[in-house]
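# Topology and contacts: notes
So you can see what is in the structure, the chains are spelled out below.
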Amino acid sequence: MKFTVERDILSEAVSWAARSLSPRPPAPVLSGLHITAEGQTVTISSFDHEISAQLHIEADVAESGTVVVSGRLLNDIVKSLPAAAVTVELDESKVRVTCKSSKFTLATMPVDEYPDLPEMPQLAGTIDGAAFSRAVAQVITAASRDDTLPILTGVKIELEGDTMTFLATDRYRLAMREITWTPAQPDISTSLLIKAKTLNDVAKSLGGAGELSLSLAENTELVGFASGGRRTTSVLVDGEYPKIRQLFPEETPIHAVVNTQELIEAARRVSLVSERNGHVRLQFTEDNSVSLDAGVDDAASASEVIPAQLTGEAITVGFNPSYLNEGLNVIDTEHLRFSFVSAPKPAMITGQRDADGQNTTDFRYLLMPVRLLNS
């Protein structure tokens, strides 16, 4: 095998494929990248029995062939090379990487021990990549990072006709985002549970290439994504996801509209003095303002007041500062709305395009309050 390709093209391809390599591969050969050169195309693949990634790049192929080499090492080498053409050549049991005067030699791994990648499932539909990426970025905020609860480390995707709904929770907050997509079957009705990390990687690496294809296996155990000559598959998370849709309140008699950026900045500043396991308190008053405060008097404290347009009775609530700030930071409208049933009940945060307009409910963030000492 021997091929030549520009460093930037090779580096981007190797880096993308290496992202799917497991830090603890189930077999040594799965720490490698499977590279095939044929015609004028080089195919680079990675697989760990759960996630597969594969892409094709054009190259000047002098000799066809297949090798498996350490993915992380090859990635580090290619990134360090000067900006020039790179030649990759198999020489007996070694792979030689040459770029200008730089020369590296890598050991190969057994090609016959590398498993076949799963076939791409049947196409289920297509999605705008930018909309998909934005939706994923918003909902994974609420996904659990606790691996002892594997179900909650996933994001549930519900497919109902041309509506795609993303749902995530870590038990203390919930996030839901709806977008439209183009299903292959207009009457599709199914759901899938994907690891939040995997979904985030897909959104970041494939979402920017325009249209994104979603493929589903008939047994619903495998999902595939493809865009711009790249494809990835993932085994779905097995288990019953909690029914969190019903937790979003249907009626909320108390509303408060706030400028999103003003609240983000005020909450970030006030949170600086919040101790571990502390809270940020928000007091929405009838004089159309919200007072934020945190900390304790004998250590450090902070407070700030910003405008807020209140509908309903005055209300005081406390939130975990990290959960509050993470939720605020994924709101992409000029204003946002807090919707309350009562102080002890979860608060729903949605976007609002202007102070006097209708709130947008395509993204909803439900946040459990903390118990205040004087409540």
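Residues numbered from 1 in each chain as written. Predicted model: local features only at pLDDT ≥ 70, side-chain atom pairs only at ≥ 80, totals over all residues. Heavy atoms only, no water.

- The protein chain is annotated in an unreviewed UniProt entry as Beta sliding clamp of Candidatus Nesterenkonia stercoripullorum.
- As its UniProt record puts it under Subcellular location (unreviewed entry), the protein chain is described as follows: "Cytoplasm".
- The protein chain has a UniProt comment under Subunit (unreviewed entry) that states "Forms a ring-shaped head-to-tail homodimer around DNA." (UniProt positions renumbered as here; feature names shortened; annotations may be inferred.)

## What to know about the sheet that holds strand 5 (residues 60–63)
- Here we have 5 strands laid out as an open sheet, ordered 5-1-7-8-9, and antiparallel in their pairing. Edge positions in the sheet fall to strand 5 and strand 9 (102–107), since each has one partner strand and no second. Neighbour-to-neighbour, the strand axes of this sheet turn through a mean angle of 20°, independent of strand direction.
- Sheet analysis places strand 1 (residues 2–6) next to strand 7 (residues 85–91), joined by 5 bridges and oriented antiparallel. Among the inter-strand pairings, Phe3 is bridged to a residue of strand 7, identified as Val88.
- Together, strand 1 and strand 7 form the strand contacts of helix 1 (residues 7–18), whose direction differs from that of strand 1 by roughly 100°.
- Contacts from helix 2 (residues 71–80) reach strand 8 (94–99) and strand 9, with the element oriented near 175° to strand 9. (Pairing = 2+ DSSP bridges. Helix = DSSP H or I, 4+ residues; strand = E, 2+ residues; numbered from the N terminus. Axes fitted to C-alpha atoms, helices over the stretch in contact; angles between N-to-C directions. Contact = heavy atoms within 4.5 Å.)

## Description of the pattern of salt bridges
- For the coordinates displayed, the defined rule picks out 16 salt bridges.
- Linking Glu326 and Arg173 is a salt bridge whose minimum nitrogen-to-oxygen distance equals 2.8 Å. With Glu326 in helix 6 (residues 321–328) and Arg173 in strand 13 (residues 173–180), this pair connects stretches of sequence that are 153 residues apart.
- By relative accessible area, which is 1% here, Arg173 ends up buried.
- Here Glu240 makes a salt bridge to Lys243, at a shortest N to O gap of 4.0 Å.
- Glu240 sits in the exposed class, given a relative accessible area of 65%.
- Its relative accessible area of 60% is what places Lys243 among the exposed residues.
- Within the structure, one salt-bridge network assembled from shared partners comprises Lys156, Glu158, Glu178 and Arg245. (Salt bridge = Lys/Arg side-chain N within 4 Å of Asp/Glu carboxyl O. Buried < 20%, exposed > 50% of the residue type's maximum accessible area, 1.4 Å probe, protein only.)

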